[in-house]
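Per-entry structural report
Spelled out from the first residue to the last, the chains are:
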Amino acid sequence: DTEVTQTPKHLVMGMTNKKSLKCEQHMGHRAMYWYKQKAKKPPELMFVYSYEKLSINESVPSRFSPECPNSSLLNLHLHALQPEDSALYLCASSPRDGSSYEQYFGPGTRLTVT
Amino acid sequence: GIQVEQSPPDLILQEGANSTLRCNFSDSVNNLQWFHQNPWGQLINLFYIPSGTKQNGRLSATTVATERYSLLYISSSQTTDSGVYFCAVEPGMNTGFQKLVFGTGTRLLVSP
């Protein structure tokens, strides 16, 4: 099974709201990622977690707060977002055991900030 | 940082036609993946191909890492092949945290 799940599929939030995106995988992968994709653009890396520790933060504004509570779950907490943060947010995972470095993506959460 | 360019940017095919998509990258890479993004946004893994040639049904891919390019071949195209095709690379000087840098994408439309 190479499935990464994400909830919710769609989210509309105001600029003063707090919401969270959730990502889950049960493939035993120890690296998990958040990407952001604006319309008609390629995905761009936001964060990398390796063995539940934050390894890469690509200079993402603090209104995005990632969390990795365990090896299967990855959250992205959102607060005081701006309309330009509207995008497709993609989660991915990959092994860290040297067997492969292939990343597998979830279906994404389409976020609209009003 | 590394630059990843794909060509052509847009491609329109009749069903049954063949096509070749190209991915050029500006520096050495550890890994390379090809994805198909369907109209709903899902990124579907096509190939994990840091070097060499692989085939999967009507699709095949070749990566020549020393010359910094990869090719994706689609034969006998079908309407369900429509979408955006991305290559993504892991830069060679990466710390090992598998940071994928995506190419500019090729938007494919296959008409019946």
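Scroll up a little and you will see the structure.
Residues numbered from 1 in each chain as written. Chains lettered and ligands numbered in written order. Predicted model: local features only at pLDDT ≥ 70, side-chain atom pairs only at ≥ 80, totals over all residues. Heavy atoms only, no water.

Things to note about the sheet that holds strand 8 (residues 73–79) of chain A
All names here are of chain A. The criterion, for reference: Between any two strands, pairing holds if DSSP finds at least two bridges. Where helices and strands are cited, they refer to DSSP runs of H or I of at least four residues and of E of at least two residues respectively, numbered from the N terminus. Fitted lines through C-alpha atoms give the axes, limited to the stretch in contact for helices. The angle between two N-to-C directions lies from 0 to 180 degrees.
Reading across the sheet, the 4 strands line up as 1-3-8-7 and stay open at both edges, with antiparallel pairing between neighbours. Sheet topology places strand 1 (4–7) and strand 7 (64–70) at the edges, where each strand pairs with a single neighbour. Sheet twist, expressed as the mean angle between neighbouring strand axes with direction ignored, is 20 degrees. Where strand 7 and strand 8 come together, 5 bridges link them in antiparallel fashion. When the sheet's bridge partners are listed, P66 is paired in strand 8 with L76.

Re the interface of chain B and chain A
One frequent convention defines the size of an interface as the accessible area lost when the parts assemble. Inclusion rule: Throughout, a contact is declared for two residues whenever any of their heavy atoms are within 4.5 Å. Buried area is a sum: the accessible area each of two parts loses on coming together, probed at 1.4 Å, counted once for each and added. For this analysis, a salt bridge means a side-chain nitrogen from Lys or Arg found within 4 Å of a carboxyl oxygen belonging to Asp or Glu. Under the rule applied, a polar contact is a pair of N or O atoms within 3.5 Å (in protein, one hydrogen donor and one hydrogen acceptor; residues adjacent in sequence only if both atoms are side-chain atoms).
Chain B puts 19 residues into the contact, and the matching count from chain A is 27 residues. For the chain B and chain A pair, buried surface summed over both sides reaches about 1,900 Å², with 52% attributable to carbon and sulfur atoms. Applying the counting rule to chain B against chain A returns 1 salt bridge. A salt bridge links K99 of chain B to E58 of chain A, with the shortest nitrogen-to-oxygen separation between them at 2.8 Å. The tally of links between chain B and chain A comes to 7 residue pairs in polar contact (both at pLDDT 80 or more). Put simply, the parts of the chain that give the side of chain B that touches chain A at least two residues each are strand 4 (29–37) and strand 5 (43–48) of chain B. With 4 residues, the single largest contributor to the side of chain B that touches chain A is strand 4 of chain B.

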